[in-house]
Amino acid sequence: RTWWSASPSLAMQNPAARSAPNRLQKFTALPARHKLLLAQAWFMLGWCRAAVLLVSFKRLARQLRHHPLAPPPPALPPHMRDEALAIGRLVAAASRVTPWQSLCLTQVLVAQRLLAKRNIPGQFYLGVRRGCERTDDPTGLSAHAWLQCGDDIVNGKAGFEHFTVVSTFSWG
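Figured I'd write up the structure that's included with this text. Every value quoted in this text rests on a predicted model; they were computed, and no experiment measured them.

1. Some details on the overall build of the chain
For the chain, the count of helices and strands is 6 helices and 5 strands. Put simply, the chain runs from its N terminus to its C terminus through helices and strands in the order α-α-α-α-β-α-α-β-β-β-β. Of all intrachain contacts in the chain linking residues separated by at least 6 positions in sequence, the fraction that spans at least 24 positions is 69%. Accessible area of the chain: about 10,600 Å², with a carbon and sulfur share of 60%.

Below is the structure:
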């Protein structure tokens, strides 16, 4: 018997115990290059989280082009689209298992760097909205970041349509 199946009651009491074998199975089923990319994303999430806390956003975004109005995203060939979607999924997966907060901005910065390294163009958006119940800001504003390559939202798709775009950055 393995450590995670030793006691059925343990799995019922602790959802993490129940999902550990599933995560391990999913990880071992990944192609080798995706395993490496997942590990790279995990480490980069730590670096980018630290950078978000310690460095100005202006410095973080200095290699990107800022657009006052969002330009239409460039179309991508199918192989680039597939790679961009895979990177977005792997960054999101890595963010769920970090011991630190890996929220939308951190994820977008990591995905952007991984995409730029592979010469896949895209853009990311910063948006705000008022009246979010999950904010501790006294103004009632909340912010969100999401990344788009071609016609696809690669990272940060959940709820992006509720935010008003205030800045757009592109690369490639």
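2. Focus on the nonpolar core
By size, the foremost hydrophobic cluster in this structure holds 32 residues, and its most contacted members are Val91, Val110, Leu114, Leu115, Phe124, Leu147 and Cys149. Breaking this core down by element, the ones donating at least two residues are helix H3 (32–54), helix H5 (78–95), helix H6 (104–117), strand S2 (122–130), strand S3 (141–149) and strand S5 (164–171). The element contributing the most residues to this core is H3, with 7 residues. With residues up to four places along the chain from it excluded, the contact list for Phe124 reads Phe57, Leu64, Val108, Leu109, Gln112, Trp146, Leu147, Ser167, Thr168, Phe169 and Trp171.

3. Overview of the sheet that holds S2
What the 5 strands build is an open sheet, ordered S1-S5-S2-S3-S4; its pairing is antiparallel. Single-partner strands in this sheet number two, and they are strand S1 (65–67) and strand S4 (152–155). Neighbour-to-neighbour, the strand axes of this sheet turn through a mean angle of 35°, independent of strand direction. Two strands pair when backbone bridges link them, and S2 and S3 are joined in this way by 8 bridges, in the antiparallel orientation. Paired with Arg130 across the strands is Leu141, a residue of S3. H5 contacts S3 and S4 of the sheet and is inclined by roughly 35° relative to S4.

4. Digging into the pairing of S3
In terms of residue burial, S3 counts as a mostly covered element, since 7 of its 9 residues are buried. Of the pairings in the sheet, the one linking S3 to S4 comprises 3 bridges and is antiparallel in character. Bridge pairing in S4 places Leu147 opposite Asn155. Here S3 folds back onto S4, and the loop between the two strands holds 2 residues, one of which, Gly150, carries a positive phi near 60°.

5. As for the pairing of S5
Relative to S5, S1 runs antiparallel, the two being bridged by 3 bridges. Its bridge partner being in S5, His67 is matched across the sheet by Thr168. Pairing of S2 with S5, which is carried by 7 bridges, proceeds in the antiparallel orientation. Each bridged residue has a counterpart across the sheet, and for Gly122 the counterpart in S5 is Trp171.

6. Considerations on unusual backbone geometry
Phi is positive for Asn119, which is not a glycine, with a value near 55°. Its place among the elements puts Asn119 in the loop between H6 and S2.

7. Focus: H5
The first and last C-alpha atoms of H5 sit 26 Å apart over 18 residues, in line with the 26 Å expected at 1.5 Å per residue. Of the residues making up H5, those classed as buried are Glu83, Ala84, Leu85, Ala86, Ile87, Gly88, Leu90, Val91, Ala92, Ala94 and Ser95.

8. Observations concerning the pattern of salt bridges
Counting across every chain of the model gives 4 salt bridges. One salt bridge in this structure joins Glu83 and Arg33, with 3.0 Å as the shortest N-O distance. With Glu83 in helix H5 and Arg33 in helix H3, the pair connects residues that are 50 residues apart, well separated along the chain. Exposure remark for Arg33: the relative accessible area of 49% places this residue in the partly exposed category. In this structure, Asp82 engages Arg81 in a salt bridge whose closest nitrogen and oxygen atoms are separated by 3.8 Å.

Reading the values: the criteria
Residues numbered from 1 in each chain as written. Predicted model: local features only at pLDDT ≥ 70, side-chain atom pairs only at ≥ 80, totals over all residues. Heavy atoms only, no water. Helix = DSSP H or I, 4+ residues; strand = E, 2+ residues; numbered from the N terminus. Contact = heavy atoms within 4.5 Å. Areas by Shrake-Rupley, 256 points an atom, 1.4 Å probe, with all protein chains shown as cover. Core = buried A, V, L, I, M, F, W, Y, C linked by side-chain atoms within 4.5 Å. Buried < 20%, exposed > 50% of the residue type's maximum accessible area, 1.4 Å probe, protein only. Pairing = 2+ DSSP bridges. Axes fitted to C-alpha atoms, helices over the stretch in contact; angles between N-to-C directions. Expected span 1.5 Å × (residues − 1). Salt bridge = Lys/Arg side-chain N within 4 Å of Asp/Glu carboxyl O.

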